[in-house]
Amino acid sequence: KQRMGEIGTGTFTPQAGRIRVLELAEDLLRQYRTGEIKGKKSLEWSERRWTLHLSPFFGNMKASAVSTDMLRAYIEQRQGMAAENATINRELSFLRRAFTVARKATPPKVQIIPAFPHLAEPEARQGFLADEQYARLAAGCASEGLWLRAMLAVASNFAWRKSELLRLRVGQVDILNRVIRLEPGTTKNSEGRTVVMTNETFELLRACVAGKQGEDYVFTRADGKRVKNFRGAWANVCAAAGVPELMFHDLRRTGARNLRRLGVSEGVIMRIG
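These numbers were taken from a predicted model, which means no experiment stands behind them.

Participant: Can you explain unusual backbone geometry? Please cite residues and give values.
Facilitator: Of note, the bond from T106 into P107 is cis; its omega dihedral lies within 30 degrees of zero at -10°. Considering the arrangement of structural elements, one finds P107 in the loop between α5 (85-104) and α6 (131-144). Even without being a glycine, A159 presents a positive backbone phi close to 60°. Relative to the helices and strands, A159 resides in the loop between α7 (146-158) and α8 (162-166). Even without being a glycine, R178 presents a positive backbone phi close to 60°. Structurally, the position occupied by R178 is in the loop between β1 (173-174) and β2 (179-182).

Participant: How would you summarise the side chain of R252 if you had to cite specific residues and measurements?
Facilitator: As for its position among the elements, R252 is in helix α11 (residues 250-261). No salt bridge forms around the buried R252; measuring N to O, its nearest opposite-charge neighbour E164 is 5.1 Å away. Within the structure, R252 has its side chain in polar contact with the backbone oxygen of A159 (distance 2.6 Å). Residues contacting R252, with those up to four places away along its chain left out, are A159, W160, R161 and G273.

Participant: Tell me about helix α9 (residues 199-209), and please be specific about residues and values.
Facilitator: Regarding α9, the residues found buried are T201, F202, L204, L205, C208 and V209. Of the surrounding secondary structure, the elements contacted by the buried residues of α9 are α7, β1 and β2.

Participant: Describe the pattern of salt bridges, naming the residues involved and giving the relevant values.
Facilitator: The full count for this structure, using the stated rule, is 13 salt bridges. Put simply, R72 and D69 hold a salt bridge, and the shortest N to O gap is 3.9 Å. Of this pair, R72 and D69 both sit in helix α4 (residues 68-80), three residues apart, which is roughly one turn of the helix. Accessibility expressed as a relative area gives 58% for D69, which makes it exposed. In this structure, E121 and R90 form a salt bridge, with 2.8 Å as the shortest nitrogen-oxygen distance. Placement of the pair is E121 in the loop between α5 and α6 and R90 in helix α5, with a sequence separation of 31 residues. Judged by relative accessible area, which is 32%, R90 ranks as partly exposed.

Participant: Account for the pairing of β2, with residues named and values stated.
Facilitator: Bridge count for β1 against β2 is two bridges, and the pairing is antiparallel. Residue pairing in the sheet places D174 in a bridge with V179 of β2. For β2 and strand β3 (residues 193-196), the ladder comprises four bridges, and the chain directions are antiparallel. Bridge pairing links R181 to T194 in β3.

Participant: Pulling in residues and values, what's your account of the environment of N199?
Facilitator: Locating N199 in the fold gives a position in helix α9. Spatially, the C-alpha atoms of N199 and S64 are 60 Å apart, while their sequence positions differ by 135 residues.

Participant: Account for the sheet that holds β2, with residues named and values stated.
Facilitator: In a beta sheet, neighbouring strands are held together by backbone hydrogen bonds and run either parallel or antiparallel to one another. The three strands are arranged β1-β2-β3 in an open sheet whose pairing can be described as antiparallel. Both edges of this open sheet fall to β1 and β3, since each of them pairs with a single strand only.

Participant: Provide a residue-level description of α5, including the pertinent values.
Facilitator: The terminal C-alpha atoms of α5, which comprises 20 residues, lie 28 Å apart, in line with the 28 Å expected from a rise of 1.5 Å per residue. Looking only at α5, the buried set comprises I88, N89, E91, L92, F94, L95, A98, F99 and A102.

Cut-offs used in this document
- Residues numbered from 1 in each chain as written.
- Predicted model: local features only at pLDDT ≥ 70, side-chain atom pairs only at ≥ 80, totals over all residues.
- Heavy atoms only, no water.
- Helix = DSSP H or I, 4+ residues; strand = E, 2+ residues; numbered from the N terminus.
- Buried < 20%, exposed > 50% of the residue type's maximum accessible area, 1.4 Å probe, protein only.
- Lys, Arg positive; Asp, Glu negative; His and termini not counted.
- Salt bridge = Lys/Arg side-chain N within 4 Å of Asp/Glu carboxyl O.
- Polar contact = N/O pair within 3.5 Å; in protein donor to acceptor, adjacent residues only side chain to side chain.
- Contact = heavy atoms within 4.5 Å.
- Pairing = 2+ DSSP bridges.
- Expected span 1.5 Å × (residues − 1).

Next comes the structure, spelled out in structure tokens:
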């Protein structure tokens, strides 16, 4: 009688015991690809988390076999790999969402969603770059390369994310009108932005885009290769400037503070950043 009732209400899952976690993950990633869930960057991070860490542990496991104890075993394994609690939480949030999507399907692909542990995370950093530190850091970035000096200026003036800068192309930098555009879909919230360059950013970006085509990347090394990862260079210039603990993301807070000093309203600062 219970089974007949489940069939009548569409909640009966005949294959529930056979469905594997791999299928749940593929369903969720498909929603990202088709646009049911917005965010190109979220898709990239989700694919990376699944492929590198979650799939090797859960991929071939039956969804019905995933328990809280199993999730804790995964946490223990990732902590043994020196993964941060915040990183592990983001990975588990992808898996939780995959189960949620499967539970809401018609018919549902899983009967229950296991209880997911949540690890304590450190409080958000409150780092800022002091004015006198900026001068030392700017000198160090210039010696490393024009690209890093320009990235420092743009991040400190407009509170933009590192990922937004690394994807910036020459066609988005309008030297004639002195504006920079972030196209819709390239930012974290998928909304476009346009800002007017300061004198500092204008001079640096003009040098960065000189001789390049519209589809070329703005920030390239001396050999013309696109900048993708600059952890080593950033660590070196920060150490030389006496701010070894400074993260590039701290420039986002610094940029917001600088705009506030200029009397820009909070609403406009949020739209810029």
